[in-house]
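Structure assessment
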Amino acid sequence: MGRCPAAGAGAKMSAAAVPELKRISRVEAMRLGPGWSHSCHAMLYAANPGQLFGRIPMRFSVLMQMRFDGLLGFPGGFVDRRFWSLEDGLNRVLGLGLGCLRLTEADYLSSHLTEGPHRVVAHLYARQLTLEQLHAVEISAVHSRDHGLEVGPPPGPRAPPPAPGFGSGPAEGTDGYWDLSVSLCTPRRTESGFPNFLSNAFISTAKYQLLFALKVLNMMPEEKLAEALAAATEKQKKALEKLLPSSS
């Protein structure tokens, strides 16, 4: 199970790094016409009293997944509203990938309209567990019905693991995910830990949803989120500059 750190105080959150998405209510989302698709994902998290290197508080652990294509995201997927309610559809997907876990409307956190050519409303659910329960979910994922079919990296060349400070779950399967337990701790080096994690590639709205949830659930102060995001953006910029030939 991986561990990841966070950052210190800083500027306002950069809309350029993570574009703002339009938030709508659940009622408004349910009124959208058939031209809209609905994605439902779950953020499972737990308070973590542990310390990184025996001295840096971890604060929280958050369950995320690395997809077969190397992108990071939350457990969940698309829900066909013709046949399922949001919660029933989400629980069906979670049951296939994580095993025995059911969320309810009480776990609903937010809905956002996504940008791009596809009309998608992204719903996020969040539930706080104990650290032991979160570990149990990770273990349950190994024994879920579709583990080996939809859980675990595909055979052959595998996507690289996420930035340093993180681990992976079982490495087997044909079209799925690594489970990642992300911890929010604050090292003195702002370029490491949580900012380093944010410099990874995320699927669709996952990065925005992560930052949004950490803020509204009071898991990390907004100024610290802003500094972590700024440090991650600067790291990505430097990496890109190394890859691109000099224009001078």
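The following refers to the structure shown. (Residues numbered from 1 in each chain as written. Predicted model: local features only at pLDDT ≥ 70, side-chain atom pairs only at ≥ 80, totals over all residues. Heavy atoms only, no water.)

Some points on the overall build of the protein chain
Scanning the protein chain for helices and strands turns up 6 helices and 8 strands. For the protein chain, the succession of helices and strands along the chain, N to C, is β-α-β-β-β-β-α-β-β-α-β-α-α-α. In the protein chain, which comprises 248 residues, the proportion classed as buried is 50%. Within the protein chain, counting contacts between residues at least 6 apart in sequence, those at least 24 apart form 72% of the total. Here the protein chain has roughly 12300 Å² of accessible surface; of this, 56% comes from carbon and sulfur atoms. (Helix = DSSP H or I, 4+ residues; strand = E, 2+ residues; numbered from the N terminus. Buried < 20%, exposed > 50% of the residue type's maximum accessible area, 1.4 Å probe, protein only. Contact = heavy atoms within 4.5 Å. Areas by Shrake-Rupley, 256 points an atom, 1.4 Å probe, with all protein chains shown as cover.)

Regarding the packing of aromatic side chains
Enumeration over the complete set of coordinates arrives at 5 aromatic pairs. Between Y108 and Y125 the ring centres are 5.7 Å apart and the planes differ by 80°, which places this aromatic pair in the edge-to-face class. Of this pair, Y108 sits in strand β6 (residues 108-113) while Y125 sits in strand β7 (residues 120-129), placing them 17 residues apart in sequence. Among the aromatic side chains, those forming a connected cluster through ring pairs are F194, F197 and F202. It is R26 that lies over the ring of Y108; its NZ or CZ is 5.6 Å from the centre. (Phe/Tyr/Trp six-rings, centres within 6.5 Å; stacked < 30°, edge-to-face > 60°. Lys NZ or Arg CZ within 6 Å of the ring centre and 35° of its normal.)

Quick word on helix α2 (residues 86-98)
A rise of 1.5 Å per residue sets the reference length of α2, with its 13 residues, at 18 Å; its end C-alpha atoms lie 17 Å apart and thus fit the reference within 8%. Those residues of α2 that sit buried are L86, E87, G89, L90, N91, L94, L96, G97 and L98. (Expected span 1.5 Å × (residues − 1).)

Comments concerning the packing of helix α5 (residues 206-216) against helix α6 (residues 222-243)
Running from N to C, α5 and α6 point in directions that differ by 155°, and their axes come no closer than 9 Å. Considering the angle they form, α5 stands roughly antiparallel to α6. Where α5 crosses over α6, the handedness of that crossing is right-handed. Between α5, through K207, L211, L214 and K215, and α6, the contact on the second element is made entirely by E222, L225, L229 and Q236. For the contact of α5 with α6, the per-class residue count stands at 4 nonpolar, 1 polar and 3 charged. (Axes fitted to C-alpha atoms, helices over the stretch in contact; angles between N-to-C directions. Parallel < 35°, antiparallel > 145°, perpendicular 65-115°, else oblique. Left-handed = near helix turned anticlockwise from the far one by under 90°. Nonpolar A, V, L, I, M, F, W, Y, C, P; charged D, E, K, R; others polar.)

Here's the deal with the environment of G77
Topologically, G77 is positioned in strand β5 (residues 76-79). G77 gets classed as buried once you look at its relative accessible area, which sits at 14%. Between the alpha carbons of G77 and R92 there is a distance of 9.6 Å; along the sequence they are 15 residues apart. In contact with G77, other than residues within four places in its own chain, are H38, S39, C40, H41 and V93.

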